Amino acid sequence: MSSPIVIGREAELSLLDSALSGARAGRGGAVFMVADAGLGKSRLVQECLTMAADGGMAVLRGRATQAGATVPYRPLTEALFSIVRSGAVPDDPELAPYRPALGRLIPEWRDTLPYESDDSPVVLAESVLRLLNVVGRGRGALICLSDLQDCDAETMSIVEYLVDNLADLPVLLLATVRSTPSPALSLARSSARHRVARLLELAALTDDQVAELAAACLGVEPAELPSGLLGWLTQSADGNPFIVEELLRGGIDSGALARTREGWRMVEGVPRDMPSTVASSVNDRARRLGTEWHTALQAAAIIGRRFPLDALRQVCGLAEDELHALVRAGTKAQLLAPSSSAPDWCAFRHSWTAEALASAVLPAQRRALAAAAANAVESLDPDLPGELCQLAARLRLATGDRAAAGLLYARAGRRALGEGAAASAERLLDQALELVPADSHPDRRAEVLESLLYALTEAGDVERALRRGADLYGSVLLSPQQRAELLTRLAWVCVVGGHWEKAAEQVALARRLLTDSAVPGQLAALDVVEAHLLTLAGSQGDDRATRAEELALRAVRTAEQVPLPATACQGRQVLALLARRHSFDEADVHLRHMFGTADAHGLPIWRLRAQIRLATNELMRTGEAEQIQLARQAALTLGAVTAAAQADATIAMQQVLYCEFDQAEALADRLLESTVRMHQDGESQFCLVIKIAAQAHQGRREGMRATLAEFRRRGGEQSFHAPVVFGHRAICALLGEDRPGAEAEMARVREWERTHPTIYYQSGRYGLGVLLEVLADRAGEELLAETSAAHAAQLRWNLQFVLAAEAVLLGRTGQAAAAAAKLAEARTAAAPFPMARHLVLRLVAEAALADGWGAPVDWLRAAEEYFHGSDVAALAGACRALLRKAGVRVMQRRTGNEAVPPQLAGKGVTAREFEVLMLLGERRANPEIAKLLFISPRTVEKHVASLMVKLDSADRRALSVLVTGLELS
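Computed from a prediction, not measured in an experiment: that's the story for all the values here. (Residues numbered from 1 in each chain as written. Predicted model: local features only at pLDDT ≥ 70, side-chain atom pairs only at ≥ 80, totals over all residues. Heavy atoms only, no water.)

## What to know about the overall build of the protein chain
Link 1 in the chain: Counting its secondary structure elements, the protein chain contains 47 helices and ten strands.
Link 2 in the chain: A compact globule built from 969 residues would reach a C-alpha radius of gyration of about 30 Å, whereas the protein chain, at 40 Å, exceeds it by more than 25%.
Link 3 in the chain: Along the first, second and third principal axes, the C-alpha atoms of the protein chain reach 120 × 100 × 55 Å.
Link 4 in the chain: Within the protein chain, buried positions represent 54% of all 969 residues. (Helix = DSSP H or I, 4+ residues; strand = E, 2+ residues; numbered from the N terminus. Rg over C-alpha atoms; globule rule 2.2 N^0.38 Å. Buried < 20%, exposed > 50% of the residue type's maximum accessible area, 1.4 Å probe, protein only.)

## Some words on the layout of surface pockets
Rolling a probe over the atoms, with the probe sized like a water molecule, indicates the empty space that remains.
Link 1 in the chain: Space inside the largest pocket adds up to approximately 1100 Å³.
Link 2 in the chain: Lining the largest pocket are 47 residues; nearest its centre among them are Ala-37, Lys-41, Asp-147, Gln-149 and Arg-178.
Link 3 in the chain: For the lining of the largest pocket, the elements supplying multiple residues, two or more each, are helix H2 (41-54), strand E2 (58-63), strand E4 (171-178), helix H10 (241-254), helix H11 (276-287) and helix H14 (320-332).
Link 4 in the chain: The greatest single-element share of the lining of the largest pocket, amounting to five residues, is contributed by H2.
Link 5 in the chain: Considered as a void within the structure, the second largest pocket measures approximately 790 Å³ in volume.
Link 6 in the chain: Listing elements by their share of the lining of the second largest pocket, those giving two or more residues are helix H18 (402-418), helix H20 (442-459), helix H22 (480-497), helix H24 (520-536), helix H26 (565-579) and helix H28 (604-622).
Link 7 in the chain: Here the lining of the second largest pocket gets five residues from one element, more than from any other, and that element is H20. (1 Å grid on protein atoms, 1.4 Å probe; cavity = no way out; pocket = protein on both sides within 12 Å on 5 of 7 lines; lining within 4 Å. Points joined across faces, edges and corners; volume = space filled by probe spheres on them.)

## Things to note about the sheet that holds strand E10 (residues 345-348)
Link 1 in the chain: Reading across the sheet, the three strands line up as E8-E10-E9 and stay open at both edges, with antiparallel pairing between neighbours. Strands with a single pairing partner mark the edges of an open sheet, and in this sheet they are strand E8 (306-308) and strand E9 (336-338). Recorded for the sheet is a direction-independent mean angle of 30° between the axes of neighbouring strands.
Link 2 in the chain: Where E9 lies against E10, three bridges are found, and the strand directions are antiparallel. Counterpart to Pro-338 in the pairing with E10 is Cys-346. (Pairing = 2+ DSSP bridges. Axes fitted to C-alpha atoms, helices over the stretch in contact; angles between N-to-C directions.)

## Some points on the pairing of strand E3 (residues 141-146)
Link 1 in the chain: Burial within E3 is extensive, with six of its six residues counted as buried.
Link 2 in the chain: The alternating pattern of E3 places Ala-141, Ile-143 and Leu-145 on one face and Leu-142, Cys-144 and Ser-146 on the opposite face, and all of these are buried.
Link 3 in the chain: Across five bridges, E3 lies against E4 in parallel orientation. Looking at E4, one finds that Cys-144 is bridged to Leu-174.
Link 4 in the chain: Running through helix H6 (residues 153-165), the crossover from E3 to the neighbouring parallel element E4 is right-handed. (Right-handed = clockwise from strand over helix to strand, strands pointing away.)

## Structural notes on the sheet that holds strand E5 (residues 198-201)
Link 1 in the chain: Across the sheet, five strands lie side by side as E2-E3-E4-E1-E5; this open sheet has parallel pairing. Each edge of the sheet is formed by a strand with only one pairing partner; in this case those strands are E2 and E5. Taking the axes of each pair of neighbouring strands and ignoring which way they run, one obtains an average angle of 15° across the sheet.
Link 2 in the chain: With seven bridges connecting them, strand E1 (residues 29-35) and E4 associate as parallel partners. Note that in E4 the partner of Ala-35 across the bridge is Arg-178.
Link 3 in the chain: Packing of H6 onto the sheet brings it into contact with E1, E3 and E4, and relative to E1 it is tilted by some 125°. (Contact = heavy atoms within 4.5 Å.)

## A closer look at H10
Link 1 in the chain: For H10, spanning 14 residues, the distance from its first C-alpha to its last is 20 Å, which sits close to the expected 20 Å at 1.5 Å a residue.
Link 2 in the chain: The complete set of buried residues in H10 reads Pro-241, Ile-243, Val-244, Glu-245, Glu-246, Leu-247, Leu-248, Gly-250 and Gly-251.
Link 3 in the chain: Against helix H8 (207-218), helix H9 (229-237), strand E6 (257-260), H11 and helix H15 (351-359) lie the buried residues of H10.
Link 4 in the chain: Within two residues after H10, Gly-255 carries a phi angle of roughly 90°, on the positive side. (Expected span 1.5 Å × (residues − 1).)

## Comments concerning empty space enclosed by the protein
Link 1 in the chain: A full pass over the atoms with the stated rule returns five cavities of 30 Å³ or more.
Link 2 in the chain: In this structure, the second largest cavity spans a volume of roughly 60 Å³.
Link 3 in the chain: Residue lining of the second largest cavity: Gly-727, His-728, Ile-731, Gln-762, Ser-763, Gly-764, Leu-768, Trp-797 and Phe-801, and that is the complete set.
Link 4 in the chain: Of all elements in the fold, only helix H34 (722-735) and helix H38 (796-812) reach the threshold of two or more residues within the lining of the second largest cavity.
Link 5 in the chain: Sort the elements by how many residues they give to the lining of the second largest cavity and H34 lands first, with three residues.
Link 6 in the chain: When grouped by side-chain class, the residues that make up the lining of the second largest cavity number four nonpolar, five polar and no charged. (Nonpolar A, V, L, I, M, F, W, Y, C, P; charged D, E, K, R; others polar.)

## Topic: H9
Link 1 in the chain: If you check which residues of H9 are buried, you get Leu-229, Trp-232, Leu-233, Ser-236 and Ala-237. Relative to the axis of H9, the buried residues are bounded by an arc of 95° and lie together on one face.
Link 2 in the chain: Looking at the buried side of H9, the elements it contacts are H8, H10, E6, strand E7 (263-266) and H15. (Arc of directions from axis to C-beta.)

## Some remarks on the nonpolar core
Link 1 in the chain: If you look at the biggest cluster of nonpolar residues, it comprises 224 residues, and the most contacted ones within it are Leu-229, Leu-233, Leu-248, Phe-307, Phe-348, Leu-823 and Phe-867.
Link 2 in the chain: The element best represented in this core is H38, accounting for eleven residues.
Link 3 in the chain: Setting aside its immediate chain neighbours within four residues, Phe-348 contacts Leu-297, Ala-300, Ala-301, Gly-304, Arg-305, Phe-307, Leu-335, Leu-336, Ala-337, Thr-353, Ala-354 and Leu-357. (Core = buried A, V, L, I, M, F, W, Y, C linked by side-chain atoms within 4.5 Å.)

## A few points about the environment of Glu-201
Link 1 in the chain: With respect to the helices, strands and loops of the structure, Glu-201 is situated in strand E5.
Link 2 in the chain: Here Glu-201 falls in the partly exposed class, since its relative accessible area comes to 46%.
Link 3 in the chain: The spatial distance from the C-alpha of Glu-201 to the C-alpha of Arg-178 is 9.7 Å, given a sequence separation of 23 residues.
Link 4 in the chain: Excluding residues within four positions of it along the chain, Glu-201 makes contact with Val-34 and Arg-189.
Link 5 in the chain: Reaching out from Glu-201, the side chain makes a polar contact with the side chain of Arg-189 at a distance of 3.1 Å. (Polar contact = N/O pair within 3.5 Å; in protein donor to acceptor, adjacent residues only side chain to side chain.)

## A look at the packing of aromatic side chains
Link 1 in the chain: Scanning the model with the defined rule gives seven aromatic pairs in all.
Link 2 in the chain: Note on Trp-492 and Trp-606: the rings are 6.0 Å apart at their centroids and 35° apart in plane angle, and the pair reads as tilted. With a gap of 114 residues between them, Trp-492 in helix H22 and Trp-606 in helix H28 connect regions that are remote in the sequence. Like Trp-606, Trp-492 is buried.
Link 3 in the chain: Seen in terms of ring centroids, Tyr-658 and Phe-833 are 6.3 Å apart; in terms of plane orientation they differ by 15°. Their pairing is stacked. Taken together, the residues Tyr-658 in the loop between helix H30 (641-657) and helix H31 (661-677) and Phe-833 in the loop between helix H39 (816-829) and helix H40 (834-851) connect sequence positions 175 residues apart. (Phe/Tyr/Trp six-rings, centres within 6.5 Å; stacked < 30°, edge-to-face > 60°.)

## Side note on the side chain of Gln-646
Link 1 in the chain: Among the structural elements, Gln-646 can be located in helix H30.
Link 2 in the chain: For Gln-646, a relative accessible area of 18% gives the class buried.
Link 3 in the chain: Once residues within four sequence positions are removed from consideration, Gln-646 is found in contact with Arg-613 and Glu-683.

## Focus: the pairing of E7
Link 1 in the chain: Here four bridges tie E6 to E7, and the two strands are oriented antiparallel to one another. If you follow Ala-258 over to E7, its bridge partner there is Arg-265.
Link 2 in the chain: Following E6, the chain reverses through two residues before pairing antiparallel with E7.

## With respect to the environment of Lys-907
Link 1 in the chain: Structurally, Lys-907 can be placed in the loop between helix H43 (902-905) and helix H44 (911-920).
Link 2 in the chain: Judged by relative accessible area, Lys-907 falls into the partly exposed class, the value being 49%.
Link 3 in the chain: Separated by 44 residues in the primary sequence, Lys-907 and Leu-951 have C-alpha atoms spaced 7.2 Å apart.

## Observations regarding the pattern of salt bridges
Link 1 in the chain: Counted under the stated rule, the structure contains 43 salt bridges.
Link 2 in the chain: Its salt-bridge partner being Arg-554, residue Asp-527 comes within 2.8 Å of it at the nearest N-O pair. Here the residue Asp-527 occupies a position in helix H24, and Arg-554 occupies one in helix H25 (residues 544-561), the gap between them amounting to 27 residues.
Link 3 in the chain: For Asp-527, a relative accessible area of 2% corresponds to the buried category.
Link 4 in the chain: Two residues, Glu-618 and Arg-621, come together in a salt bridge whose shortest N-O distance is 3.8 Å. Of the two residues, Glu-618 and Arg-621 both sit in helix H28, three residues apart, roughly one turn of that helix.
Link 5 in the chain: The class of Glu-618 is partly exposed, set by a relative accessible area of 32%.
Link 6 in the chain: Each of Arg-511, Asp-527, Glu-530 and Arg-554 takes part in a single network of salt bridges with overlapping partners. (Salt bridge = Lys/Arg side-chain N within 4 Å of Asp/Glu carboxyl O.)

Pasting the structure below:
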């Protein structure tokens, strides 16, 4: 089982090909190839030999062996024999003086020598150099010496001489060395530093390259590899091509990998053992260290690829100095890799090294070693910190004690959950649940299931959490209070997933089960879940926000007193949402309390939730996304899928406001796919809101309607997302010049928020809606003052519209300068939002034209330019109509030179020159024209000069007059 082609070594082959070409041209040199065993040195050497032979070069090859390390010159003797046996050594007079010295390497030459040879090593090295030069004359020669880490000192001295003196000879030296410390490795690195040799260090194959290699071995395309094969190979082989090929061979021999009519497939239930060739190679290396060290390494392999040195010392009864000697010997043999970051631990160099050593241990002996190792690991620290807990669990499982292993995995899972690693916690607790028996450990199994509920919720798998919860609730071993606690947890799972009705059912059942004797902590946990329900669910009720706030405050007071830090964080979270009604600063106070509580009690996921909400508030205030991006990365690092999705959704919505529509929709699509799959209804609805907004902000009614239908089907218009959708539909109406439609949507926003607690403040009620009311002259200073007093009006998206409304009112009362200044403030606030900025200009310009203030013509030109480029035809046309109403000549929108009237195009006037000419007709100065066309004043001067020549005009005034006579459609 071998690949017919070399995979992943294109750069190395290219370098060798170049080096061979140089040698044939008389520019010799040396290449050292350094790598661990199995990474492909031999394959590359064979490829190089083939290339050399195909190029007509002389080829000499020798190999050092560990057994031959005491035999001087063995690799060189073997290499020279290969050329002598072929009869390729010419009887060249140049070699005559060196034949006595070469007789030390070529026995056939010794008896024919008429005089004694010079024993000087330098003379012998020069003799080899001369011989190679003669052999390679006119065609080039390749001498390949393999495994120099095992060669004798005498050979090394000649190799060093060759490396220093091959530059001007037709000879390439290719030497292979393992990456363990040796004189050969030192020579390779020093030669590379001094640039007298090139160094090739082979890396392990990437996962993609492993796939290519496996496909080549099996004669298929990478996409045709059977499911599960690549994961097995990448996990077991560590990118080592030799191991990949041997695993494939072993898999076929054992029947684990079979060919069928449909192609290759993995056969379930067939053991995938380490191939005997690999196991034999590793164990041979270990045996060379001696029986004692071989046995100790086998014990280490039973512990695992990584093992604590103190545990190994206890299992094997080693003294401290013996332990260090073992590590040094194992490292030198390329079996071990000591850890510089954790000096009390050591690791096998590859996973297959440990597996190969362990495979040679008999089952009974393996169980005994595993038991001794488990005892040793547990004795290191009763708390079993870090990875010790999982290591002890795995060892107990190897002894057959499933219950003990399950309890240890549960302990590790709860610790991972406490540290915020939700995905790891889910995996560990799932494993524990499979191992802890229900009959002998019912209480422990129930604890594992409860912890798993939290882990699944944090990891985003709400549907599975609900199924697991139902399994636990069906247990007859739970008391009424335990059932109530479970129902409270399940209700929280439903809240996180947006299953409001299910959550309400769980809360009602839990309240019935809890009697007057219920402890305060149980009631606090239930209160905080109900507070979230009242805040987030879409049903009506004037007192919902007040009731939610009362429940949350009561829960927080109790939780902080008991203490129940997670419940306190839940309560602060809902209080922060409700506090937005009064002030985002007040909301941040609750979030900072939440962050501090989580930090103090080691609750990283709750700390992360506080971080995300603080970052969201900052984003809404300033329009800056840096903090939310940092929070998202923190969520991904912790494996908190739900929190990361919330951050992503916030980022995607902001991308809509930034007019980064493609990015926003792509991110929303990815989120929608995962949230639908995990039955997170609330998150799925918000993903659809993002898609609706993206279509609405581009004026694409049909695209918006299609997504709206899906939003309604998922119950979105009964959720707290509804007013946000109404607000975006209002924007879409404005982009279609449907002012009544926009006003109707804003009326729906106001009606919805009248009877529901509001947690989203970018629906338009505190921004766009106010501007529309002012423009329609249905509201004035009173509404503006009321709106401006709301903290939500200071959020950057809302602020641009509120300031624009103030500008309109000031202009309407004759305060032209103040109105213009206020609009300048609005444009500054709108800087991050291109579409909204130009929409404001279009809306305000109409009022400014009517009331005679500001620069409405310039604003309309800018808006028309933007909306024309954005393909929002209705709004661009409205801008042009207003410009004409203002008495400004507006050219018909065409593309490129088609925009130039025929009478000017015939004289060579370009599209840009025509734009300059039209602005000259308005008596614009060069700086004004430059600003409007986004070019420099100097460029404007050049266009004016060109127009004067092409149109035979004496000056700018003549060009302006000429414009009035043009016939523009």
